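If you want the building blocks of each chain, they are given just below.
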Amino acid sequence: MIIYTVRPGDSVDAIARRYGLSSERIIKENELADPNALVVGQTLVLSQPTAVYTVAAGDTLYGIASRFGVSVNQLWRGNPWLGGKADLTPGQELVISLPAPTYGSIDVNAYAYPNIDRSVLQKTLPYLTYLTLFTYGFRPDGSLVEIEDKELIELARTYGVAPIMMLATLGEDGTFSNELAATLLSDPTLQAQVIENVRRVLAQKRYAGIDVDFEYIPGEYAEEYAQFITNLRTALAPDGYRVFVSLAPKTSPNQRGLLYEGHDYGALGAAADGVLLMTYEWGYTYGPPLPVAPINRVREVVDYALTEIPAAKISMGIPNYGYDWTLPYVRGESRARSLSNVAAVDLARQRYAAIEFDETAQSPYFRYFVREDGEPIEHIVHFEDARSIDAKLRLINEKNLRGGSVWNIMRYFPQLWLVLNNLFRINRGLE
């Protein structure tokens, strides 16, 4: 795999010739909407297949997989334009294999809302170990706020992906509530009711486990939260369910702030089967313009987590989005617009902006201007590209972590999966 950064005067054809590759494959794999208008600073992932096959009349995807001794998921990952589907066209060239992954195996989790575009989901599932569905909440009486998830659960299982139920401190209004968390954690009877309702849903809907994401927990309930996770795991383990916990991105045990104080890394890590570090949102909707997940800050969180939790239990968060800020930033007034990584590059193209790269943060960004009432208004966009994804995945390997966890997969980002597929083997969630 080569991660190529576009330079002035480059074209897809010239890049393809330089590396002895097919222009068509570069365009298809990177999903270039306008291959004739590359952006300076844009990244392209150049895969280098070790074996290809030209589809003949009567061929099926499953037959080709059997003939070459590979899995259908491997064919889908090597040929993302198939969209996770089995439709083939005679004359189509399929990648059978790529060079052996640079590193070993990892778990890959990803979050999705029930209304995810099914074509996006099908294209993404071959790269996943777990699919976590956002999200169940609960009420003060212990009943659950449920979601429409049956179709997604069964679709995940079709691809060998373990579907994971998510439980958050969300009420009927769809917002996180520290009061709801305090109500639950101060009442053992209510906890038992919630756990029983969770077990019922897991069994009825064929989930493989649960991810608990309780945010904004008052610090005085940190011990009770860890005990709740212990009780949940004790109740679910006999049936083979896995229990994960999402953790706020702490860098020290006594970090102040409502987001952090209720998360005792050591206690929660011991209580759960695995933890998911929410290592993103340094740059966020209401905050100052910053990279969403600067690698130097992510590394600090991972380094602290490793002092409290075994590496084999830790999955590191990976964001799949960026933000567009209007400048100057005004605290309490400014609001950044969220956009996909693909849309960020499209915006740079439309605004004739060159993409730059922050070496410390290992993160791309660009600036552009628009006119409002005759005045030039500056914007800055921070997002993810193949280089920033590569840096995050290499950190996972460096620290020997369990894997990565993507927030979220509602918008497809081809380079994320291309880089992942070249660096790692992906563990299956269901066998």
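Refer to the structure printed above.
Just so it is clear, the structure is predicted and the values come from calculations on it, not from any experiment.

A. Just helix H14 (residues 386–398), in detail. For H14, built from 13 residues, the straight-helix expectation of 18 Å at 1.5 Å per residue is met to within 8% by its first-to-last C-alpha distance of 18 Å. Of all the positions in H14, only Ala386, Arg387, Ser388, Ile389, Asp390, Ala391, Lys392, Leu393, Leu395 and Ile396 are classed as buried. Just past H14, the residue asparagine 400 takes up positive phi, approximately 60 degrees.

B. View of the nonpolar core. Residues Leu131, Val198, Tyr225, Ile229, Ile409 and Trp417 are the most contacted members of the largest nonpolar core, which totals 128 residues. For this core, the element with the highest residue contribution is helix H9 (residues 222–236), accounting for 7 residues. Setting aside residues no more than four positions away along its own chain, valine 198 makes contact with Leu144, Met165, Leu167, Ile210, Leu232 and Leu236. In this structure, Val39, Leu347, Ala353 and Ile377 belong to the second largest nonpolar core, which totals 14 residues.

C. How the structure looks around the pattern of salt bridges. Throughout the structure, instances matching the rule amount to 24 salt bridges. Between arginine 402 and aspartate 107 there is a salt bridge, with its nearest N and O atoms 3.0 Å apart. Taken as a pair, arginine 402 in the loop between H14 and strand S18 (403–407) and aspartate 107 in strand S5 (residues 105–112) lie far apart in primary sequence, 295 residues in all. Residues lysine 205 and aspartate 149 are paired through a salt bridge, measuring 2.8 Å at the closest nitrogen-oxygen approach. Highlighted residues: lysine 205 in helix H8 (residues 188–205) and aspartate 149 in the loop between strand S7 (144–145) and helix H6 (150–158), separated in sequence by 56 residues. Grouping residues by exposure puts lysine 205 and aspartate 149 together as buried. Put simply, Glu146, Asp149, Arg200 and Lys205 are held in one network by salt bridges that share partners.

What counts and what doesn't
- Residues numbered from 1 in each chain as written.
- Predicted model: local features only at pLDDT ≥ 70, side-chain atom pairs only at ≥ 80, totals over all residues.
- Heavy atoms only, no water.
- Helix = DSSP H or I, 4+ residues; strand = E, 2+ residues; numbered from the N terminus.
- Expected span 1.5 Å × (residues − 1).
- Buried < 20%, exposed > 50% of the residue type's maximum accessible area, 1.4 Å probe, protein only.
- Core = buried A, V, L, I, M, F, W, Y, C linked by side-chain atoms within 4.5 Å.
- Contact = heavy atoms within 4.5 Å.
- Salt bridge = Lys/Arg side-chain N within 4 Å of Asp/Glu carboxyl O.

In short, geometric facts, not functional conclusions.
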